[in-house]
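Given next are the chains, with one letter for each unit.
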Amino acid sequence: MNEITKIAPATTPDDWASDQEVRWCPGCGDYAILKAVQRTMPELGARPENTVFVSGIGCSSRFPYYMETYGFHTIHGRAPGVATGVKLANPELDVWIITGDGDGLSIGGNHMLHLLRRNLDCQVLLFNNEIYGLTKGQYSPTSRTGTRSPTSPGGSLERPVAPCAFALGAGARFIARTIDTAQKMMPEVLKRAYRHKGASFVEIYQNCVVYNDGVFEAFTEKKSAAMTQIWVEHGKPMLFANGTLGLHLNRDTLRLEVVNVVDGDVSQVIVHDETNKAVAAMLIEMPFPEFPVAQGVLYCEPATSFDQAMAEQEVKLVGDKVADFNALLRRGQSWEVKGEH
Amino acid sequence: MNEITKIAPATTPDDWASDQEVRWCPGCGDYAILKAVQRTMPELGARPENTVFVSGIGCSSRFPYYMETYGFHTIHGRAPGVATGVKLANPELDVWIITGDGDGLSIGGNHMLHLLRRNLDCQVLLFNNEIYGLTKGQYSPTSRTGTRSPTSPGGSLERPVAPCAFALGAGARFIARTIDTAQKMMPEVLKRAYRHKGASFVEIYQNCVVYNDGVFEAFTEKKSAAMTQIWVEHGKPMLFANGTLGLHLNRDTLRLEVVNVVDGDVSQVIVHDETNKAVAAMLIEMPFPEFPVAQGVLYCEPATSFDQAMAEQEVKLVGDKVADFNALLRRGQSWEVKGEH
Amino acid sequence: MATAVQAPEGDESRMTAGEARRESVVVRFAGDSGDGMQLTGGQFTLSTALAGNDLATFPDFPAEIRAPQGTLFGVSAFQIHFGSSRVDTAGDEPDVLVAMNPAALKTNLPSLRKGGLLIVDTGAFGERNLQKAHYEANPLNDGSLAPFQLLAFDISKLTLESVKEFGLGNKDALRCKNMWTLGLSLWMFGRKRGPIIDWLKIKFGKNELLREANIAALNAGHAYGETAELAGPVKQFRLAPADAEPGLYRTVTGADALALGLVAGAKLSGLPMFFGGYPITPASAILHALARLREFDVTTFQAEDEIAAICATIGAAYAGNLAVTSSSGPGIALKSEAMGLAVMTELPLVIVNSQRGGPSTGLPTKTEQSDLYQAVYGRNGDTPMPVIAARSPSDCFDVAIEACRLALAFMTPVMLLTDGYIANAAEPWKVPDAHDYVPFPVQFHEEMPETGKLNPYLRDHETLKRVWVKPGTPGLMHRIGGIEKSYDTGNIDYSAENHQKMTDTRKAKIEGVARYIPAQTVEEGPEKGALVVVGWGSTYGPIRQAVSHVRAAGHDVAHIHIRYLWPFPANLGDLLKSYDRVLVPEMNTGQLKTLLRDQFLVDAKSLNKVSGQPFRISEIEAAIMEMLNQ
Amino acid sequence: MATAVQAPEGDESRMTAGEARRESVVVRFAGDSGDGMQLTGGQFTLSTALAGNDLATFPDFPAEIRAPQGTLFGVSAFQIHFGSSRVDTAGDEPDVLVAMNPAALKTNLPSLRKGGLLIVDTGAFGERNLQKAHYEANPLNDGSLAPFQLLAFDISKLTLESVKEFGLGNKDALRCKNMWTLGLSLWMFGRKRGPIIDWLKIKFGKNELLREANIAALNAGHAYGETAELAGPVKQFRLAPADAEPGLYRTVTGADALALGLVAGAKLSGLPMFFGGYPITPASAILHALARLREFDVTTFQAEDEIAAICATIGAAYAGNLAVTSSSGPGIALKSEAMGLAVMTELPLVIVNSQRGGPSTGLPTKTEQSDLYQAVYGRNGDTPMPVIAARSPSDCFDVAIEACRLALAFMTPVMLLTDGYIANAAEPWKVPDAHDYVPFPVQFHEEMPETGKLNPYLRDHETLKRVWVKPGTPGLMHRIGGIEKSYDTGNIDYSAENHQKMTDTRKAKIEGVARYIPAQTVEEGPEKGALVVVGWGSTYGPIRQAVSHVRAAGHDVAHIHIRYLWPFPANLGDLLKSYDRVLVPEMNTGQLKTLLRDQFLVDAKSLNKVSGQPFRISEIEAAIMEMLNQ
Ligand SMILES: Cc1ncc(C[n+]2csc(CCOP(=O)(O)OP(=O)(O)O)c2C)c(N)n1
Ligand SMILES: Cc1ncc(C[n+]2csc(CCOP(=O)(O)OP(=O)(O)O)c2C)c(N)n1
Ligand code: SF4
Ligand code: SF4
Ligand SMILES: [Mg+2]
Ligand SMILES: [Mg+2]
C-alpha cells in the first residue's frame, strides 16, 4: 500500500466514523476492530476520499457502513473480485477488504486464493469468529472439528482450514495475525499491512458473543495472555511469558520447541525472520496449548504487486503508440468501393 | 481408498478401455496418462463397476469417456462437488477425480480446497499443462509469469499457483507429483494414492503439444532426467543423478542444498520422511534448475477421511434408534380434536 | 401502581366483553430483539392451538442478529390471528398490540386497528429509549394514542417484583418480562398455563433458578389480569374452538413441514435422502431440521457454497439417492449453471427455493414471490424443469412429497417454491398418517442390454423418463455429462438432427408432466363468471379471504390457486378462458401473469405488492372491486 | 494423372459456364481439423471481398482442439456465400463442396445441392481413412455420388509435387494442400493471388521455406485450373461485383466488430474501459481482441472464473470505468447473482453473451439463441435489465456502442446478445468513421449536497438514473451494496414502503428506456397485412431472404427484426397487432414468442430450430407459406 504520507492534512478517528448506527450485537468483537481501524487510519495519513472498504456478506461485512469512506457491501464471498476491479480501475485508491471466515474461506475461498497469488495491492482483514454469525450460528470452515451447531448437531466432522496456512499455500506475501481486543498491537499490524505493497492478509480472531462466545478465550484472556500468545517481531528473538520462555527450533526433528530463557540468555531462541516461509509455516500451525498462539507479522516477503506489474507492462507495451481509433478500424486488409461503380 | 483386494477377479488393461474414440490431439500427454491409468487399474484389484471417474471441463476432463467404468463429465470446476455427493451416497465406490490446472485451480479452486480439507476418500489427478487447452491456449493459474497467450499477448503478470503448495496449505494429507511420460513411476504413485484413505492429490505434469509444447521439457526429457528429477521415497535418502547427488538440509539457513555423494556416503543427505510437512513444503517449492524437480509421494500423513467420520458419527448418533416416521410427525406438543365436536 | 387506561376517542367499537362475538382476533407482540417476542409468540400460538382455535402466525424479525437495544431496526414482532372459524391469514391489522418499548410502538402502531387495544410497558419508556426510537415527546402523554384503547403500566417493575425472591441480577430478572406478558395474555383469552409451564421446565432444564423465575413471572402476569386492577377496556375474551376435522393436531411451520415432507418422499420412494445445502436465510431452517434426522436415512451435507451443494446433490443422485438441495434467491441464482447439468443428465433432484425479498441480497428476512421467473426461465439454453409451489405452512408437506414424486417419475430436477413467510409462519396441522400416502418405489435399471452396451438415455415410451442406473451395477458402466448426447447411444453427439431430437425430447418430457398431475380445480366460486382471482404460493390466505368476503357481498368472483406452475395443469387454459377477467395478485412485479399470458393468451392483470410484507385481505378486495367496476 | 470427372445423373442443371448467370454461389471447404480449412476459408473470403462481392461466411468446427486425423468428429468446415447482389446468409446448401478426406465427404455431402460440384482429394481416400469415416465401400467408386458433378483427383500428390523442390518433410509438405486447393478455387472464380501471397509472407515471416512452399502450392493449384486438364463440369465463374455504397471496406467477424464497438463506446463516453472475462467458447475471441488494445485505454483482466470477472467489472464500474464483461451461456448463468448486485447498486455495465448450444455445456462450438429467457428473466428477485441483440457480424459494432450508451444513460447493466454464428462469421463492412457517432460523455457527480450527506440514489427526474460518484471525490464518501437502500438517503432501509418504492423505481427506470430508443421499423414489407415474420439476432439473414422470396412471389408478408428486446420499442405492440398473423422463427424453443405474447397478447407462433445450425431460407419460406395457407 502507499507509503505513509506525511503531508496529508491530519484526520482524527472521528473523521473515519460514518453517521450510521452500528448494528452488531452488544459485546461483539467487531466493535473493537472497528475502533482500532478508526483509530489507526489517521496515523496512516490516509484520506477518507481515497479509501475504499469492500466487503462480502456476514456480520463482519457490515463494516464498510460504519466507515466514513467509500464503501461497497457486495455479495457473499465476492469482495476480492470487486476490490480487484476497483484497484485496477484506479490504482490511486487505498483498498481494504473486510471478510469473515465464511465469506472469505467458504464461498469466497477461490477469490481469496487468486487475490493473494496475484498480489493485488490491498489489505485483507479476515474476521475469524469460527462461525457463521449472520445466518445464526452454523459451523464454518474454521470451526474446530466437533463444533455443535444447527447444521452439525452431532458435532462437525471436517478438519478446519487454517486461514494463514491457506494464505501461505496460496502464495500470499504478507501474513499477519491479531486479536479483536488487542487494541495496542492491532494498529501496529494494520500499519504494517498498509505499508506492504501487495496483498496483505490479516487474520483477526474475533469473538462472536452470541454463537461462539469465548471460543478463543483460552489464549485471548488478558490475564494469561503472556503465556498463551507470542507476538513476533522481525529480527527479534521469539520470546513470550514476559521474556521467560522462547521458541527453539530442534534441528534434528525439525520441529519447534518451547524453551526456558534463563538470565536473559536467548541463544537457544530463534530470531524471527519474517521472510522465512518455512518457519512462518511452523509458526502458523503451532498447536495450542502446547505452544502459544503466534501473533503479529508472521511472514512478509514483498514481490511486485499485480496493479504495479500491470502499470509497468502498460508503459512498456503502449510506449508512445498513438491510439488512433480510425486507424484501428481500418487495420487489416481493406478495399475501396468507388463512387462511380 | 480401498485396500488392494486380492480376491477380486482379475481384470486386464483392456477391460478398462471404453469403446469411445479418443479425441485428444495426436501427441497429447493425456494419452500417456490414460494408458498408465488403464494399466494400473488391474493391479489395484479395482472393479470397473465399482469405479467412478468424475471430471470437470477441459481437454483432460474428457478422460472419463475413455474409461470403461462409471463416469461423470460434469461442469467446469465442479468435479469435487459431484464426487463428494457420489462418495457420500455410496462410500463403497472408488472415486477418481480428473481435473486440469484451469478446471481444478482456476474456477474450481475453492472446491478443491474444501475437498482436500474435508479429506474425502478419493483420488485427485490434476493434469497440469500450465495452459487452458480446450479453449485454445489462454494462460492458466499455473502458467509461468510472462506466458504469452491470446489473453496475455504481452506476457502474463500473475505469479503462478504451485498446485502442491496450495494442496498443502489446504490441509491435504497426501500429495504426490509425477510426469505424463513416467510410465514406470506413475503406476507406483497411483497405487499409493489409491491405497491412501482420504483425499490423495496427485499433480501430473502433462504436455500440451498444441498450446504449450515443451514447457516441462527442461526436466522431463529422458536423457537428462537423472539430473533434473528426484524421485523421493519414504525412509530413503533423497538422492538423484544416479545416486551421485543428494539433498542436504542446511540447519543454519534452514534451506535445502544439493550435495555431492562421494563413495556412497549419504550421511549428509536427508532421509525422506513423508510425514514431515515442513520438508514437504521445501521439496514442493525447490526452484528449478538450481534443484531437481521432486517427484513421487512428497507428503503423506493419513487422518480420518470425511466419509469415514460420517459413517462413524452415524453409528454413534443413530445407534439403535428406531426410525418411526409417524412418531416423528407427531413430535412436539399436539392435541386431539374429538369426533363429537 | 399507575396503570393508564384509556378508551379510544370517537365512536370506534370498544374491545369489550361484547366483542367476544368476534369470530377471530389478531394479536401482535412487539419488542426489542432481546425481549423474547418470538418465544412469547410461539408459546401463545401453542396455547391457542391447544384451545382448539384455528390460527395463522407471522413472525417478523430484523436482519440483525441482535441489534443494539431500543433501536428501531432492532424491533422484533410476532403476529397471530386466531379464531373460532377458519383462519387463512395472519390478519390485516392487529386488534391487540403489545409494545414492549418505544421503538416497538413506533414501528408497529401504524398497523393497529383504530380502536384496537394497545398494551404498553411504561417501564421501558425512559428518556433514552424514547430518543433511540426518535420520539420527540413521550407518545403516552401527548395524546397521539387517542384513537386506541391504551393500557399502559410498568410491566418491567411488575416483573422485577414477581421474581424478586429468586435474587436474579437485574438483567436476568428483566428477561422474564416476556413471560409476565404472556401470562397476562393467557388470562385475557382464558387459556391454560399448564402447557407453557411444562415447556418452561424443559427449556430451562437444569437451571432451576431461571425456570422458577420464569414460571413465577408467568403466574404473576396471569394473576395481574385476574385482579380487579384492570378497569375499562380490557376484558376476557372467549373464542369458541374452531370447527376442525377430528384427529391429532400439532402446529407446524413451513420449514418443518417441508423437511418432514422430504423425509416422507424419501420413505415413499424407498431411497436414502441426500441433502446438500449452504446456510442462507430463510432456507437454513430446512437444513437444520434435516440435520437432526440421521436415523431416517437422511445425510445432510453443509457445502462450501451453493454451487458445491447442488453439485454434491447431483453426484448423490447419480449414485442413486433421493437428492435435495435448498436455498434462497441469491443461492438459487448461483445454482443455475448446475441445474442445467441436472437437466442435461436427466437426474432426479428436488431444488427448494425459500424466496425472500430481492433483488440481490435484498431484504433477507422479508418475504416475496419474485423468483418465479428464475425458477421457470433462469438457466442458459432451453432447459425446462417442473416448478411447483406451496401455499401454506402445512401444504409444504404435501408439496415436498409431490416434488419427490415428480423428480423420480420423470428423472428430472424439480423446483419447489416456498417463501420466507411460509417458512417461518405456523399453523395447526392435522398430522397425517404416513401409511395414507401411495408409495412410489424406485426401480433402478439393472437389465443387461442386448447389444452389450447400455444407452443411459434409454427411455420409457410413456413418460420419456430415462433409465436410472446406479454405479456399482455390474456390466452397466456408462458415462454421462453436460455435453449433448446421442438419443440412441448416449455417447457424445453434436449432430444437428440429434440435438434437435434431444431438445424436443427434453421439452416433451416436461410438458408431458401435465398428464400426470391433477387437473386444476377452483378453490371457491363458480367455474365460469365475471372474474377469477388467480394466485400461487403464500398469497393463498389473503386471496381466499378476499374472495370469500366479496362473494359474501354478492359478487361473481372465483379463486383459483395454482400449485403446478410449470407445466400448468392441462385444463388451466380453458378454465381461465371461462372467466371474463383474470386478476393475478403476486408479491412480485407480475411473474405468474407473464406465464399465463404467454401460455393461454388471456388478458391477465397484475396486482403487485413488493414490500416484503404479505398482502392484506383488504388490498385484494379493493383490487377485485375495482376490476369488477371497470 | 487420374482425374475422375463425372457429370451428374438426371436432369439437374450442370454447373457450367452458363451458370455464371447465377447471382450468387455457395462454396464449402471441408477437411480434417489439421487440414487448415478455416485458414483456406478465411483467405478465400478475403479474396471474395476484394473482388467486390457481397458475402457471408459460416465456419463450423469441432469442439475438439485437434481431433485425431480422419475421424468424423474431427471434420472442420467453412462455408461462404457470395454474390453480385446482397447476401444475407451463408447459404442454405453449397453449390460447391471441397472434401479433403472421406470423413469430410461423409459429414458434408448431405448438404450439397443435388447437381452441385464436388471436389475430392483422392489421395486421402485410402483404406484407413475410409474406415475411420465408417465407409464400407469407397464412395468414389460405388456410384453413390451420381447425383453430383464429381471432380476427383489426387490433390495430395499434386501438392507434394509442387513443393518437392523445398525438401520439406512429408508432413509439412502435405500441410500445403490447403493452399493448393485455395489456388484452384481462386482460379475457378477468377480471383487474384496477390493479396493471399502478401498474407502468406506476413504469416510465415522468417520461415522462408514454409513461406515459399505455400506460395508454390497456391500457384500450382491455380495453374492446374488453367491447364486444360480439367474437362467437363468445371469452368471458371465470374460474378459481377455487388452493388455497394462507395467507401472503404474490410471484412469483419462479429467478435471483432463487437470488440471494436466496445472501444468506440468507451471513446464516445470519454471513459477508460475495463473488461473482465474468463475464457469460454465462443466468447473468448472478444477478450482476445481487446487484450491487444492497451493503447486504447483498455484494461483486460482474465479472472479466475466468471463470477470474479463480473465482480471485478462491478468494482471497476464503481470506480468510474466503462465496465464490460462477456461470456457464453454457462458463464452467464454463473454471473446471475452478481448481475443482481449490479441492478441493485445501479452501476453501468455491459454484459455480452455470445450464445452457444445448450443446455449445460451443450454444444460449445455450435450456435443457438436460447439464452433470451436467461437474459430477460434469469435472476432472483424483480431485477430488470435492458437486453439488446446484434443481427449480423458488422451490426455488432453498432449494438456494442448502443449497449454502452444505454448502460451509462441509465446507470444500469445492459445485456448484449450475440451468438456463435455471428461471432465467427465474417462479412464485408463499410468501415465507419468514429467521428460520425454522437458522443455521450459522462458527467460524474461532484456536487456537495446541501445536507452535507450524499444520497447515492439521488436521481435524474427524467431518466431516473442515479448519480455516479467516483471514489476519490472529496466529501462524497458513501456506501452502496446489495441490501435494499432508502430512496431518500441511500442508507439501508427494509421498510415496506421503501422497498415498494425502490422496486417500482427500478422497474420504471428500465421501462423508461423505451422512450430513449428508436421506434421499431419494418425491415421489409408493409406496415400491416396478412403476416409478419418477427426475428431477433442472427436469424436476420435467412428471415430477410425468405421474406424477400415470398414477397417476390406475390405474398403479403413483412419482416420485423427486433434489436431492443427489453424493453421493447414503444410502438412494437401496435405494429404487431396490425398484422393478422405473427410468425417468430427462433433458434430456441420459443423464447421471444413468450415475451411478445406476454407483453402484447398477440398470438405469436413459433418456428423453432434447435440443431446448432442456422436456419435455412427454405425452412422459413416453408413456414411462412404454411401459415399463409392456414
Ligand atoms: C449467495 C449467498 N449464500 C449464502 C448467504 C447467507 N450468508 C450470509 S452471511 C453468511 C456467512 C457469514 O459468515 P462469516 O463470513 O463468517 O461472517 P460472520 O457473520 O461470522 O461475521 C452466509 C452463509 C448469502 N447472503 N448469499
Ligand atoms: C462455466 C464455464 N466457464 C468456462 C468454460 C470454458 N472452459 C472449458 S475448459 C476451460 C479451461 C480448461 O483448462 P484446463 O482445466 O487446464 O484443462 P485442459 O484443457 O488444459 O486440459 C475453460 C475455461 C466452461 N466450459 N464453463
Ligand atoms: S452474531 Fe456474533 S459476529 Fe454477528 S454481530 Fe452478533 S456477536 Fe457479532
Ligand atoms: S489442446 Fe493440448 S491438452 Fe488439449 S488435447 Fe490438444 S495437446 Fe492435449
Ligand atoms: Mg464468521
Ligand atoms: Mg490445462
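Residues numbered from 1 in each chain as written. Chains lettered and ligands numbered in written order. Predicted model: local features only at pLDDT ≥ 70, side-chain atom pairs only at ≥ 80, totals over all residues. Heavy atoms only, no water.

Visitor: Hey, could you run me through the nonpolar core in this one?
Guide: Nonpolar side chains in soluble globular proteins tend to be buried together. C:Leu262, C:Leu592, C:Leu596, D:Leu262, D:Leu592 and D:Leu596 are the most contacted members of the largest nonpolar core, which totals 381 residues. Sequence-distant contacts of C:Leu262, that is, excluding residues within four places in its chain, are made with C:Met273, C:Phe275, C:Ile286, C:Leu290, C:Leu322, C:Val324, C:Val350, C:Ala400 and C:Cys404. (Core = buried A, V, L, I, M, F, W, Y, C linked by side-chain atoms within 4.5 Å. Buried < 20%, exposed > 50% of the residue type's maximum accessible area, 1.4 Å probe, protein only. Contact = heavy atoms within 4.5 Å.)

Visitor: In this structure, what is going on with the confidence of the model for chain C? I would like to understand it.
Guide: Interpretation of the predicted coordinates at a detailed level should be avoided for regions scoring low in pLDDT. Residue and element names in this part refer to chain C. When pLDDT is averaged across chain C, the result is 92; 95% of the residues are at 70 or more. Confidence drops under a pLDDT of 50 for residues 10–21, and excluding neighbours within four residues, the segment shows 21 contacts in the predicted structure. Both confidence scores are given for the complex: pTM 0.94, ipTM 0.95. (pLDDT = per-residue confidence, 0-100.)

Visitor: What's the story with the sheet that holds strand β20 (residues 579–586) of chain D in this structure? I'm lost.
Guide: Strand pairs in the sheet, formed through backbone hydrogen bonds, run parallel or antiparallel to each other. Residue and element names in this part refer to chain D. Taken together, the four strands give an open sheet; going across it, the order is β18-β17-β20-β21, and neighbouring strands pair in parallel fashion. Whereas interior strands pair on both sides, the edge strands pair on one side only; in this sheet they are β18 (557–562) and β21 (604–608). The average undirected angle you get between the axes of adjacent strands in this sheet is 25°. Inspection of the sheet shows strand β17 (residues 529–536) paired to β20 by four bridges, in the parallel sense. When the sheet's bridge partners are listed, Leu 531 is paired in β20 with Arg 581. Along the sheet, helix α17 (residues 540–552) contacts β17, β18 and β20; its crossing angle with β18, the most-contacted strand, is approximately 165°. The strands that helix α19 (residues 591–600) touches are β17, β18, β20 and β21; relative to β20, the one it contacts most, it runs at about 150°. (Pairing = 2+ DSSP bridges. Helix = DSSP H or I, 4+ residues; strand = E, 2+ residues; numbered from the N terminus. Axes fitted to C-alpha atoms, helices over the stretch in contact; angles between N-to-C directions.)

Visitor: Would you take a moment to explain unusual backbone geometry for this structure?
Guide: Most of the time, phi is negative for any residue but glycine, and the peptide bond is trans. The omega torsion of the bond from C:Thr281 to C:Pro282 falls at -5°, within 30 degrees of zero and hence cis. Topologically, C:Pro282 is positioned in the loop between β9 (273–277) and α10 (284–291). Following C:Trp566, the chain continues to C:Pro567 via a peptide bond in cis, the omega torsion being -10°. Along the chain, C:Pro567 turns up in the loop between β19 (564–566) and α18 (572–577). Even without a glycine there, the phi angle at B:Lys136 is positive, about 80°.

Visitor: Help me understand the coordination of the magnesium ion (ligand 6), please; the structure alone is not making it clear to me.
Guide: Six octahedral donors at a metal ideally form angles of 90 or 180 degrees, and four tetrahedral donors ideally form angles of 109.5 degrees. Residues and elements named next belong to chain B. Distances from the magnesium ion (ligand 6) to its protein donors, Asp 101 (OD), Asn 129 (OD1) and Ile 131 (O), fall within 2.1 to 2.2 Å. When the donors of the magnesium ion (ligand 6) are listed by position in the chain, the intervening gaps give D-x27-N-x1-I. Classification of Asn 129 as buried rests on a relative accessible area of 6%. (Donors = N, O, S within 2.8 Å, 3.2 Å for Na, K, Ca; no water.)

Visitor: Would you mind going over the site of ligand 3 with me for this structure?
Guide: What surrounds ligand 3 is the set A:Trp24, A:Cys25, A:Cys28, A:Cys59, A:Asn129, A:Gln206, A:Cys208, A:Val209, A:Val210, A:Tyr211 and C:Ile65. With respect to ligand 3, its neighbouring residues span chains A and C. Counted by class, the shell around ligand 3 contains nine nonpolar, two polar and no charged residues. (Near = heavy atom within 4 Å. Nonpolar A, V, L, I, M, F, W, Y, C, P; charged D, E, K, R; others polar.)

Visitor: Got a minute to help me understand the interface of chain D and chain A in this structure?
Guide: Put simply, an interface is often sized by how much accessible area is lost when its parts join up. Counting residues at the interface gives 73 residues for chain D, matched by 58 residues for chain A. The largest per-residue losses of area from chain D upon contact with chain A belong to D:Arg294, D:Glu295 and D:Arg479, which jointly make up 14% of the total buried on that side. Between chain D and chain A we count four salt bridges in total. Put simply, chain D and chain A have 27 residue pairs in polar contact (both at pLDDT 80 or more) between them. Looking at the side of chain D that touches chain A, the elements that each hand over two or more residues are α1 (37–50), β8 (247–253), α9 (254–269), β10 (298–302), α11 (306–318), α12 (329–345), β15 (426–430) and β16 (479–481) of chain D. Looking at the side of chain D that touches chain A, the element that brings in the most residues is α11(D), giving eight residues. Grouping the amino acids of the side of chain D that touches chain A by side-chain chemistry returns 44 nonpolar, 15 polar and 14 charged. Bridging between strand β2 (residues 70–73) of chain A and β16(D) involves three bridges; their strand directions are parallel. Bridging across to β16(D), A:His73 finds its partner in D:Gly481. (Buried area = accessible area lost by both parts, 1.4 Å probe. Salt bridge = Lys/Arg side-chain N within 4 Å of Asp/Glu carboxyl O. Polar contact = N/O pair within 3.5 Å; in protein donor to acceptor, adjacent residues only side chain to side chain.)

Visitor: Quick question: what am I supposed to make of the pattern of salt bridges here?
Guide: Two side chains with opposite charge may pair up if their charged atoms get near one another. Residues and elements named next belong to chain C. All chains considered together, the criterion is met by 75 salt bridges over all chains. The shortest N-O distance in the salt bridge between Asp 60 and Arg 28 comes to 3.5 Å. With Asp 60 in strand β3 (residues 54–60) and Arg 28 in strand β2 (residues 24–32), this pair connects stretches of sequence that are 32 residues apart. Given the relative accessible area of 10%, Asp 60 is considered buried.

Visitor: How should I be thinking about the relation of the copies chain D and chain C in this particular structure?
Guide: For these two chain copies, the linking operation is a rotation about an axis paired with a shift along it. Overlaying chain D with chain C gives an RMSD of 0.1 Å, the required rotation being 180° about an axis along which the chain moves by 0.0 Å. Both chain copies can therefore be described as sitting about a two-fold axis. Relative to the rotation axis, the C-alpha of D:Gly378 is the closest in chain D, positioned 1.8 Å from it. Of the residues that chain D buries at the interface, 100% are likewise interface residues in chain C, meaning the two copies contact each other through the same surface. (Least-squares fit on C-alpha atoms with pLDDT ≥ 70 in both.)

Visitor: How do you make sense of the interface of chain D and chain C when you look at a structure like this?
Guide: Contacts between chain D and chain C engage 58 residues on the former and 58 residues on the latter. Regarding the contact of chain D and chain C, the summed buried area is about 5,000 Å², with carbon and sulfur atoms giving 60% of it. Among the residues of chain D in contact with chain C, D:Pro359, D:Asp382 and D:Tyr494 are the three that bury the most area, contributing 14% of the side total. Across the contact surface, chain D and chain C share four salt bridges. In this structure, C:Arg597 engages D:Asp598 in a salt bridge whose closest nitrogen and oxygen atoms are separated by 3.5 Å. Counting the contacts that link chain D with chain C gives 26 residue pairs in polar contact (both at pLDDT 80 or more).

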